[in-house]
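The primary structure of each chain is shown beneath.
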Number of protein chains: 2
Amino acid sequence: MEVRDMSIRATMDPRQLGTVSLFEGLDDRGLERVLQAASIRKVAAGQAIFEQEDAADTVFVMVAGHAKVAKRGADGQETVIGFINPWEMMGCVAVCGGTGYPGTATAVEDSWLLAWSRATIERLMDEHSRIARNALSTISGRLQSMQTRLHEVSNERVERRIAHTLRRLADASGRDTRQGREIAFPITRQDLAEMTGTTLHTVSRTLSAWHQQGIVESARQRIIVRDASALERIAESE
Amino acid sequence: MEVRDMSIRATMDPRQLGTVSLFEGLDDRGLERVLQAASIRKVAAGQAIFEQEDAADTVFVMVAGHAKVAKRGADGQETVIGFINPWEMMGCVAVCGGTGYPGTATAVEDSWLLAWSRATIERLMDEHSRIARNALSTISGRLQSMQTRLHEVSNERVERRIAHTLRRLADASGRDTRQGREIAFPITRQDLAEMTGTTLHTVSRTLSAWHQQGIVESARQRIIVRDASALERIAESE
DNA sequence: CGGAGGCTTGACTGCAGTCAAAACAGGTGG
DNA sequence: CCACCTGTTTTGACTGCAGTCAAGCCTCCG
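Residues numbered from 1 in each chain as written. Chains lettered and ligands numbered in written order. Predicted model: local features only at pLDDT ≥ 70, side-chain atom pairs only at ≥ 80, totals over all residues. Heavy atoms only, no water.

Caption draft 1: Geometry of the relation of the copies chain B and chain A. For the pair chain B and chain A, the relating rotation is 180 degrees, the translation along its axis is 0.0 Å, and the fit reaches an RMSD of 0.0 Å. The two molecules are tied by a two-fold rotation axis, judged by turn and shift. Of the residues that chain B buries at the interface, 100% are likewise interface residues in chain A, meaning the two copies contact each other through the same surface. (Least-squares fit on C-alpha atoms with pLDDT ≥ 70 in both. Contact = heavy atoms within 4.5 Å.)

Caption draft 2: Structural view of the nonpolar core. In terms of nonpolar packing, the biggest core is built from 100 residues, with Phe23(A) and Phe23(B) touching the most fellow members. What Phe23(A) contacts, discounting residues up to four positions off in sequence, is Leu17(A), Gly18(A), Leu31(A), Val34(A), Val61(A), Trp116(A), Ile131(A) and Asn134(A). Within the second largest apolar cluster, 26 residues are counted, among which are Ile162(B), Ala163(B), Leu207(B) and Ile215(B). (Core = buried A, V, L, I, M, F, W, Y, C linked by side-chain atoms within 4.5 Å. Buried < 20%, exposed > 50% of the residue type's maximum accessible area, 1.4 Å probe, protein only.)

Caption draft 3: Examining the sheet that holds strand S8 (residues 104-107) of chain A more closely. Residues and elements named next belong to chain A. One open sheet holds the four strands; their spatial order is S3-S8-S5-S6, and the pairing between them is antiparallel. Strand pairing shows two members of the sheet lacking a second neighbour, strand S3 (48-50) and strand S6 (78-84), which therefore form its edges. On average, each strand axis in the sheet is inclined to that of its neighbour by 30 degrees, with strand direction left out of account. Judged from the six bridges that link them, strand S5 (residues 67-72) and S6 form a sheet pairing that is antiparallel. Its bridge partner being in S6, Ala67 is matched across the sheet by Ile84. Across the face of the sheet, helix H7 (residues 189-196) comes into contact with S5 and S6 while running at roughly 105 degrees to S6. (Pairing = 2+ DSSP bridges. Helix = DSSP H or I, 4+ residues; strand = E, 2+ residues; numbered from the N terminus. Axes fitted to C-alpha atoms, helices over the stretch in contact; angles between N-to-C directions.)

Caption draft 4: Spotlight on the protein's contact with DNA strand C. As a structural note, the neighbourhood of DNA strand C is formed by 18 residues, with Val158(A), Thr198(A), Arg189(B), Ser204(B) and Ser208(B) the closest of them. Each atom of DNA strand C within 4 Å of the protein belongs either to a base or to sugar and phosphate, the latter forming 68%. Here a phosphate oxygen of DNA strand C sits 3.0 Å away from a polar atom, N or O, in the side chain of Thr202(A). For the surface near DNA strand C, the secondary-structure elements that each account for two or more residues are helix H8 (200-212) of chain A together with helix H8 (200-212) of chain B. Looking at the surface near DNA strand C, the element that brings in the most residues is H8(B), giving four residues. (Near = heavy atom within 4 Å. Polar contact = N/O pair within 3.5 Å; in protein donor to acceptor, adjacent residues only side chain to side chain.)

Caption draft 5: Broad picture of the sheet that holds strand S11 (residues 181-183) of chain A. All names here are of chain A. Taking strand neighbours across the sheet as the criterion, the four strands line up as S10-S11-S13-S12 in an open arrangement whose pairing is antiparallel. The outermost strands of the open sheet, each flanked by one partner alone, are strand S10 (174-176) and strand S12 (216-219). Taken pair by pair, the neighbouring strands of this sheet meet at an average axis angle of 25 degrees, ignoring direction. Alignment of S11 against strand S13 (residues 222-225), held across two bridges, turns out to be antiparallel. Its bridge partner lying in S13, Glu182 is registered against Ile224.

Caption draft 6: Up close: the packing of helix H4 (residues 118-127) of chain A against helix H5 (residues 129-155) of chain A. All names here are of chain A. Interhelical geometry of H4 versus H5 gives an angle of 110 degrees and a closest axis separation of 4 Å. Of the possible angle classes, the one that applies to H4 and H5 is roughly perpendicular. Contact residues: Leu124, Met125 and Glu127 in H4; Ser129, Ile131, Ala132 and Ala135 in H5. For the contact of H4 with H5, the residue count by class is five nonpolar, one polar and one charged. (Parallel < 35°, antiparallel > 145°, perpendicular 65-115°, else oblique. Nonpolar A, V, L, I, M, F, W, Y, C, P; charged D, E, K, R; others polar.)

Caption draft 7: How the structure looks around the protein's contact with DNA strand D. Around DNA strand D, the surrounding shell holds 19 residues, and the nearest of these are Arg189(A), Ser204(A), Val158(B), Thr198(B) and Thr202(B). Backbone atoms, meaning sugar and phosphate, form 66% of the atoms of DNA strand D found within 4 Å of the protein. A distance of 3.0 Å separates a base nitrogen of DNA strand D from a polar atom in the side chain of Arg205(A). With respect to DNA strand D, the backbone of Val158(B) contributes an N or O atom lying 2.8 Å from a phosphate oxygen. Here the surface near DNA strand D gets five residues from one element, more than from any other, and that element is H8(A). Classifying every residue of the surface near DNA strand D gives two nonpolar, 10 polar and seven charged.

So, to be careful, I would describe these as geometric facts and stop short of saying anything about function.
Here is the structure:
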């Protein structure tokens, strides 16, 4: 399920960790120490990284690959909380808040992650108060984006919600190609439906319509945004 | 709009501050210092405490009264993020995250609040690392409850969402009366609609139906839950 | 007593969910 | 290399939940 591979750590430049919001502003020696305290895990596509309600004892940073975090409710329905890009962290809320993981994280591609145990992260926070402050501001940002999503799901029509979501995905996880901006990991209609509070049928119909209009290009588990401004118009028009 | 009244502070027992999640675990001397750093404000019902997008420079703790925090979107629609009860704080996310306030806070009753400036709260956090940790865990809790609400709005039918919301309100902000458990502050159908992502019409119809069944008692801006277990059944039944 | 804000109810409608079926792509094993 | 099987996507037809439109009532407050 998980394989450790120490050689990767040896070849990694600690300064890359400075990209991670949690470790922003640390000096080189601090980053070095943080890296030394980490362990590395490889997770194959489709495998779980952590499970909902498991005691939260590890903070992860994605090094390469992508993961999906989804919460499943009592009724078995899933809601996609978000996708994790390289150099983003996950698990921090649960570890800091002292609760279980809020959802299940699944690798959607073969991925490499750095991992720190709860005890280690707490020690690092003690040594570098900057890390605690970073955690606070990162979580605050997530809370705000959650509030925005709540507002959207509560007040907006499906098409517009999909447009908003797709725009954000293209923005945060996109990769420019000759055809347009492509979501940089495999994502199904079902995933998009679970992010927007709708059904895969409606997502499929919507994307088909947008395809007709030349706004998106799409194939199995791939979506390319050709006309970002049209998407913007759908998302924001009165 | 806001009136300062220092005499209240003089008569307040610092230990009451220990009830506030942000200051949990501080010793008496710490609480004393926190209280000394606070200023007091009185806000009349209907008045704003802070406005959406204002630079977040003050953290508040409700001493007596209740406030509503609502976010209004680009389209002018409002979403109620939550209600603030006595000894709960607000503004912390924005102040800690370094962003503007995520919504507008309005007193729904005449209220008294303690207030700390950003600089003061940061100094207090430096002096007492416990405060920073508390902030982290409080915000984590809010994030999780946001995720739960997102899941509900995405996947559940209106009636069930209202049941969930009403249950939580009665739980967190209820007061036991001979008729049942009453929401302890004035709340309109519109407020409830904006919390659940529906319209005041639907809320009204739903409450009427529940009234028929003896589940709730309600009047202008007042709701009493008579049969909590029935509500539970509506909220959780398959 | 009059006005404003809050609540209720009815009738209608349409968005999007459900049900159903089929095409398609990709991976696996023979 | 082909056959099969599973998971993904598309499309159509139907339906019902809840939003919209409309009207009127109630309650509190000035």
